[in-house]
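# Structure at a glance
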Amino acid sequence: MSLLKIEDLYASIGDEKILNGLSLQINAGETHAIMGPNGSGKSTLSYVLSGREDYDVSKGSVFLDSKEILDIEADERSRLGLFLAFQYPIELPGVTGMTFLRTIINSSRVAKNLPELEGIELVKLIREKAAELEISQDMLKRFVNVGFSGGEKKRFEILQMALLDPKIAVLDETDSGLDVDALRIVGKGVTNLKSKDRGMLVITHYQRLLDHIIPDFVHIMVKGKIIQSGGPDLAKLVEKEGYKSFLNGN
Amino acid sequence: MPIQEETIEQVNLATSKYKYGFSTDLEVDKAPKGLDENIIRLISSKKNEPEWMLDWRLKAFEIWKKMKEPEWAKVNYPKIDYQDIYYYSAPKNTEKLKSLDEVDPELLKTYEKLGIPLNEQKALAGVAVDAVFDSVSVVTTFRKQLEEKGVIFCPISEAIKTHPELVKKYIGSVIPRHDNYFSALNSAVFTDGSFVYIPKGVRCPMELSTYFRINEKNTGQFERTLIIADDDSYVSYLEGCTAPQRDENQLHAAVVELITHDNAEIKYSTVQNWFPGDENGKGGIFNFVTKRGSCLGKNSKISWTQVETGSAVTWKYPSCILHGDNSVGEFYSVAITNNFQQADTGTKMIHLGKNTKSTIISKGISAGKSQNTYRGKVLMQPGAKNARNFTQCDSLLIGDKCGAHTIPYITSKNPSANIEHEATTSKISEDQLFYCLSRGLSEEEAVSLIVNGFCKEVMKELPMEFSVEAQKLIGISLEGSVG
Ligand SMILES: Nc1ncnc2c1ncn2[C@@H]1O[C@H](COP(=O)(O)OP(=O)(O)OP(=O)(O)O)[C@@H](O)[C@H]1O
Ligand SMILES: [Mg+2]
């Protein structure tokens, strides 16, 4: 049974039709990649999945663990196990990384009927996961995403994912803005998070991320729709030839 | 129906989450409604006051009658009928209590419910409490331990009798009766409050705290607090307050005077949580308070920290008069308004002495249809050589129906003085909320997280024991502010 099932999804914002009958299924343990030209609706898909309110979903359904989630609020979707690593993470002035992580960890633990973590235990957990992503203690003392470099922002997103331990993770261009070393760190971090219980949807423009996070399936999205699916080789084809052949061919 | 049942029912019906909205059914001793000379004489005689105190009150009443209610603040409220208020209400049988065993158990229960256990064994470690219920102080804890150090901490009604020389010398010395309409009114009718004297060279061994509770209907609360820190002494004092949830407005017009002598320091913290009115703007406390400290001595310091979450209307400017050379005044404020609340609050820093220094950090948060105004005055007098002020005023808006206003008045009569003023206004954005929501936080948790981050600089000034409570309070007062 699939963890995430998107069926014939249509979404628009104002008069702008962005998703036009998109379908996709992700089973537990699978990693899927979506590639597609700028403006094809990849980020929109990630927002609609995670429950951002600005969009008008006119048709279709989304099931998480066979539960229809389109009528559920964003926070509840997160508590059900959906995670989005933002293409452009948002700044929270005044809120330190440590405070933010502590708050989201405990809120998710309460949702799972687990006791809240306090003091040493909590700090240990955060430090351990942060170290794997080479995030320094100093960075956690700073305000969330304020003045973070592109690479720091993306690593902080993956840290949150590691701590929230979602069932389905959507990573929107997690490779953009990363230098070679950061790409390796993030790639390793995400790969470590692969598990037989988790599904991942990786949105990217480049093969370079997929060298680290090897996908089981690659989908090509154009104008709000998946027009071709295949194995890892499909990404290499895109890298070599661009989207032209897909656009013409279909 | 007895008051208690009626109110509990109301509380259950009301959607609002003000958790201190219950009232206590007690036998009370009340003066008739309205204000005239006889009421003042009655209050004075109820308290067995000496002649000089009565005269002082009567003079204040004369002054008040000639004054006009101020209208300059950016607040709107229905005209108060000063003849429709009870000026004296006291739970019966509270006179001359020697120990807690004699306190009406209903009263003790009330304070337990409010999270202020008066029983010394159960009390917060290291915090002595003076509990003021409507017009009287019902009990003061830890008095023995304090007396050993020579610290006087007692109801002001008692100090008038036991330490008349101190009261006579200092009462009205910082806030004269004619200072403003509400200080004149308070001077005429004040019923109780706390008195603190820290002798020379003593560091007060525990936090002192007064807990104010308005219980009776239609009763004004006019408390008077006087704190004197003699040379080289230190005290940290905390004031907390709540009131039952009622449909009609109630008036609270307190006066607080602080005095520091050479090298002394007073740290005064307030967590104000009077009933703010319901989500339609009905009911709530009118909080018209005059608070001022005088740094008389050199190198002395007065620090005000306030977290203002309650009241329908707040009019309040805790201030410092920096007489002594090198003296320091500080004002740290968080003022939150939601629904139909209105707050006009800020401070005055009056620099007289050389090298005096003041810091103002004000964080205003407005949500719902509320109005939140910072009004601050910094005045450098000719003698304030090399004086310095730093002011930081930040406003945070939640939603687009509320207002935030910053009104600074800055005057320098000494060219060597240095004044810095910074102000920012920001808004909690949809993006920020969505980011937090996508991490599993509810809207309320998200707002509380962002707001607590916004006011951290002020919150860290609160005594440890109270900062956790204050953080929760911020979350509660902003419930329902988004979505
Ligand atoms: N708030 C909005 N109002 C109007 N149009 C929007 C809005 N958000 C997105 N769009 C439009 O929807 C289309 C899809 O945008 P989206 O960000 O989903 O693309 P994308 O595939 O993620 O692109 P990129 O590869 O550049 O990140 C674009 O044409 C964009 O301009
Ligand atoms: Mg995008």
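Our structure is the block above this text.
Calculation notes
- Residues numbered from 1 in each chain as written.
- Chains lettered and ligands numbered in written order.
- Predicted model: local features only at pLDDT ≥ 70, side-chain atom pairs only at ≥ 80, totals over all residues.
- Heavy atoms only, no water.
- Helix = DSSP H or I, 4+ residues; strand = E, 2+ residues; numbered from the N terminus.
- Rg over C-alpha atoms; globule rule 2.2 N^0.38 Å.
- Buried < 20%, exposed > 50% of the residue type's maximum accessible area, 1.4 Å probe, protein only.
- Contact = heavy atoms within 4.5 Å.
- Areas by Shrake-Rupley, 256 points an atom, 1.4 Å probe, with all protein chains shown as cover.
- Donors = N, O, S within 2.8 Å, 3.2 Å for Na, K, Ca; no water.
- Core = buried A, V, L, I, M, F, W, Y, C linked by side-chain atoms within 4.5 Å.
- Salt bridge = Lys/Arg side-chain N within 4 Å of Asp/Glu carboxyl O.
- Buried area = accessible area lost by both parts, 1.4 Å probe.
- Polar contact = N/O pair within 3.5 Å; in protein donor to acceptor, adjacent residues only side chain to side chain.
- Lys, Arg positive; Asp, Glu negative; His and termini not counted.
- Expected span 1.5 Å × (residues − 1).
- Arc of directions from axis to C-beta.
- Axes fitted to C-alpha atoms, helices over the stretch in contact; angles between N-to-C directions.
- Left-handed = near helix turned anticlockwise from the far one by under 90°.
- Nonpolar A, V, L, I, M, F, W, Y, C, P; charged D, E, K, R; others polar.

Looking now at the overall build of chain A. Across its full length, chain A carries 10 helices and 12 strands. Scaling as 2.2 N^0.38, a compact globule of 250 residues should have a C-alpha radius of gyration of about 18 Å, and chain A matches this with 18 Å. In terms of principal-axis extent, the alpha carbons of chain A reach across some 55 × 40 × 35 Å. For chain A, the residues scored as buried account for 54% of the 250 residues in total. Counting contacts in chain A only where the partners sit at least 6 residues apart, residues at least 24 apart contribute 68% of the total. Surface summary for chain A: the accessible area is close to 11300 Å², and the carbon and sulfur share equals 49%.

Residues and elements named next belong to chain A. Protein coordination of the magnesium ion (ligand 2) is provided by S43 (OG) and Q87 (OE1), with donor distances spanning 2.0 to 2.2 Å. Within this pair, whereas S43 is found in helix α1 (residues 42–50), its partner Q87 is found in the loop between β6 (82–85) and β7 (92–96), the two being separated by 44 residues in sequence. In this pair, the class of S43 matches that of Q87, namely buried.

So, about the nonpolar core. Counting residues in hydrophobic clusters, the biggest one holds 110 residues, and the most contacted among them are F100(A), F156(A), I365(B) and V451(B). With 7 residues, helix α6 (residues 150–164) of chain A is the largest single contributor of residues to this core. Excluding anything up to four places from it in sequence, I365(B) contacts V334(B), A335(B), I336(B), T337(B), N372(B), L396(B), I398(B), V451(B), F454(B), C455(B) and L478(B).

We now examine the pattern of salt bridges. Pairs can form between side chains of opposite charge whenever their charged atoms are close. In this structure the tally under the stated criterion is 31 salt bridges over all chains. The salt bridge partner of E49(B) is R57(B), with a shortest N-O separation of 2.7 Å. The residues E49(B) and R57(B) share a single accessibility class, namely buried. The residue R292(B) makes a salt bridge to D179(B) at a minimum N-O spacing of 2.8 Å. Highlighted residues: R292(B) in strand β13 (residues 284–295) and D179(B) in the loop between α7 (164–170) and α8 (181–189), separated in sequence by 113 residues. A residue is classified by how much of its surface remains accessible, and R292(B), at 9% relative accessible area, is buried. Given the relative accessible area of 29%, D179(B) is considered partly exposed. When salt bridges that share partners are traced, they join R52(A), D54(A) and D431(B) into one network.

Before going further, it helps to spend a moment on the interface of chain A and chain B. Counting residues at the interface gives 33 residues for chain A, matched by 16 residues for chain B. Interface area, chain A with chain B, both sides summed: about 1900 Å², of which 63% is carbon and sulfur. Together, R52(A), D75(A) and I90(A) form the three largest contributors to the area buried by chain A at its contact with chain B, with a combined 24%. Across the contact surface, chain A and chain B share 2 salt bridges. At the surface where chain A touches chain B, the tally comes to 13 residue pairs in polar contact (both at pLDDT 80 or more).

Now for the side chain of S187(B). Residue and element names in this part refer to chain B. Considering the arrangement of structural elements, one finds S187 in helix α8. Overall, S187 belongs to the buried group, its relative accessible area being 0%. Within the structure, the side chain of S187 is placed 3.0 Å from the side chain of R224, a separation counted as a polar contact. If near-sequence neighbours (up to four positions away) are discounted, S187 is found in contact with W56, R57, A60, R177 and R224.

Let us now look at the side chain of E207(B). Residue and element names in this part refer to chain B. In this structure, E207 sits in strand β7 (residues 207–213). For the buried E207, no salt bridge is present, and the opposite-charge side chain at shortest range is K267, 7.8 Å distant. At 2.7 Å, the side chain of E207 and the side chain of S236 are in polar contact.

A word on helix α4 (residues 119–132) of chain A. All names here are of chain A. Counted at 1.5 Å a residue, the expected span for α4 with its 14 residues is 20 Å, and the 21 Å between its end C-alpha atoms agrees. Along α4, the positions that sit buried rather than exposed are L122, I126 and A130. The buried residues of α4 occupy one face: seen down the axis, they fall within an arc of 60°. Residues I120, E121 and K124 are exposed on α4 and point more than 90 degrees away from its buried face. At its buried positions, α4 is contacted by α3 (97–111), α5 (137–141) and α6. Looking one or two residues past α4, E134 carries a phi angle of roughly 50°, positive in sign.

Residue and element names in this part refer to chain B. One way to put it is that helix α3 (residues 51–65) packs onto α8 with a least axis distance of 7 Å and a crossing angle of 145°. The hand of the α3/α8 crossing is left-handed. Residue-level contacts link W56, R57, A60, F61, I63 and W64 of α3 to Y181, A184, L185, S187, A188 and V189 of α8. When grouped by side-chain class, the residues that make up the contact of α3 with α8 number 10 nonpolar, 1 polar and 1 charged.

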